[in-house]
Protein chains: 2
Amino acid sequence: MAATIDSPPARRDRQDSRKRDVLDAAAALFAENGYQGTSMRDIAKGVGMLPGSLYCHFPSKSELLLAVYREGVARIETQVEAAVACQTEPWAKLEALAAAHLEMLLARSAYAKVVVRVVPSDDPAAHDRLVALRERYEAQVRSIVAQLALPAELDRDLLRLFLIGALNWTQVWYRPDGAPPREIARQLVRCLRAGSHQEEASR
Amino acid sequence: MAATIDSPPARRDRQDSRKRDVLDAAAALFAENGYQGTSMRDIAKGVGMLPGSLYCHFPSKSELLLAVYREGVARIETQVEAAVACQTEPWAKLEALAAAHLEMLLARSAYAKVVVRVVPSDDPAAHDRLVALRERYEAQVRSIVAQLALPAELDRDLLRLFLIGALNWTQVWYRPDGAPPREIARQLVRCLRAGSHQEEASR
DNA sequence: TACTTTAGCAAACAATCGTTTGTTATAAAG
DNA sequence: CTTTATAACAAACGATTGTTTGCTAAAGTA
């Protein structure tokens, strides 16, 4: 078992390297032109393959989208988790979350852009699994929002949805020459901190 | 001139009636399945015509989208304007704007849904004119936000973009059995009112 | 060396896309 | 009645869609 442990890797590395190329090209194109606006031929051209060759790595366009989505959610989760871990105060955690989310969405990762730009109903065949992936990330946000000290009459779920909405909508209007992601996050959290302004001492 | 004023209308009414049917069907389908997810054949089937017959009323799919978009923006503007006019206090105006916007977006109008769901880059041929229509509405929001009393360090443009983002994102998560549009609007404005909580007396 | 595996190519598949053409039926205009 | 205009049909256009098939060549396994 240990004797053959390094014979497959060479093979495995190469195929995975190409598979990675396909994934990267698909992520870039989905992020730029949307799911329905990107054809398998576009992706093939992006990696210098023929269209049919893509099916050596992914059985269908839907599965390819799912793989990109999965990776996108994973990357956002990882970055957000790391950023939140550096903070102790709940509102500071929320701002760190927002900043990391925006950083990925606006500057860093094409994978992250796909998660926001491509809505589950864009591909009915993958709809349910896409929703499941989205919810996995939202659970992370929920756990941060749960730690906030808020007035009782303020709905926590709505606050979370407003936050995510404001964050994701940045993709529509963001320009690299405007306010940087970190500054946007700071202002957003400052806005949302509203109602609880007077209870700052509690918790 | 006044002698022939009522001879055209009969003709005009009929053709406009069919044109309206096409527009309605397109709006419903664009709202439900997106622009690229809706074919001219789908729309034709929706009004009981053959695909080619659509071109009697609209010269292309892009122009059809533009017509739906124009109508959508106009409807939102009208409703929002009426709702805002009933209020005098700036924050009350903003809440009325949010409520009217959500009412249209979530319950009332397929046209309004299209304006939010279809992003300009979905149709490169119509991109610039779609952006222009979107901006026309955003100007209306800007004028309301301009009346708010806000602390100086809070960016008005960002506040507006956060508001619109949170509003439009509701289309992703809204369920008719959850909180009604009016309640969502109330909570959202309460959240955003944050930073200016202490300056309530000013202006 | 002989066998198996597979990434990728070359070419085509059926289906669907937005759109065009030519014609017919209907109805307003003179 | 004649002329003109047009909504709608019937049918097809070429292009593009996601996908499949058969094959080749190279690399790993025994």
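Below or above, wherever it landed, is the structure these notes cover.

Here is what the cut-offs are and how they apply
Residues numbered from 1 in each chain as written. Chains lettered and ligands numbered in written order. Predicted model: local features only at pLDDT ≥ 70, side-chain atom pairs only at ≥ 80, totals over all residues. Helix = DSSP H or I, 4+ residues; strand = E, 2+ residues; numbered from the N terminus. Buried ≥ 20, exposed ≤ 12 C-beta atoms within 10 Å, placed from the backbone. Contact = placed C-beta atoms within 7 Å.

Overview of the overall build of chain A
Part 1 of the reasoning: The helix and strand inventory of chain A stands at 8 helices and 0 strands.
Part 2 of the reasoning: Each helix (α) and strand (β) of chain A, taken in turn from the N terminus, gives the series α-α-α-α-α-α-α-α.
Part 3 of the reasoning: When the 203 residues of chain A are sorted by exposure, 36% land in the buried category.
Part 4 of the reasoning: Within chain A, counting contacts between residues at least 6 apart in sequence, those at least 24 apart form 69% of the total.

Topic: the interface of chain A and chain B
Part 1 of the reasoning: Contacts between chain A and chain B engage 30 residues on the former and 29 residues on the latter.
Part 2 of the reasoning: Those elements that place two or more of their residues in the side of chain A that touches chain B are α7 (156-173) and α8 (181-192) of chain A.
Part 3 of the reasoning: If you tally residues by element for the side of chain A that touches chain B, the top one is α7(A), at 12 residues.

Section: the environment of B:L66
Residue and element names in this part refer to chain B.
Part 1 of the reasoning: Topologically, L66 is positioned in helix α3 (residues 61-85).
Part 2 of the reasoning: Judged by C-beta crowding, with 18 C-beta atoms within 10 Å, L66 ranks as partly exposed.
Part 3 of the reasoning: Separated by 24 residues in sequence, L66 and P90 place their C-alpha atoms 33 Å apart.
Part 4 of the reasoning: If we skip the residues at most four places from it in the chain, L66 touches A126 and R129.

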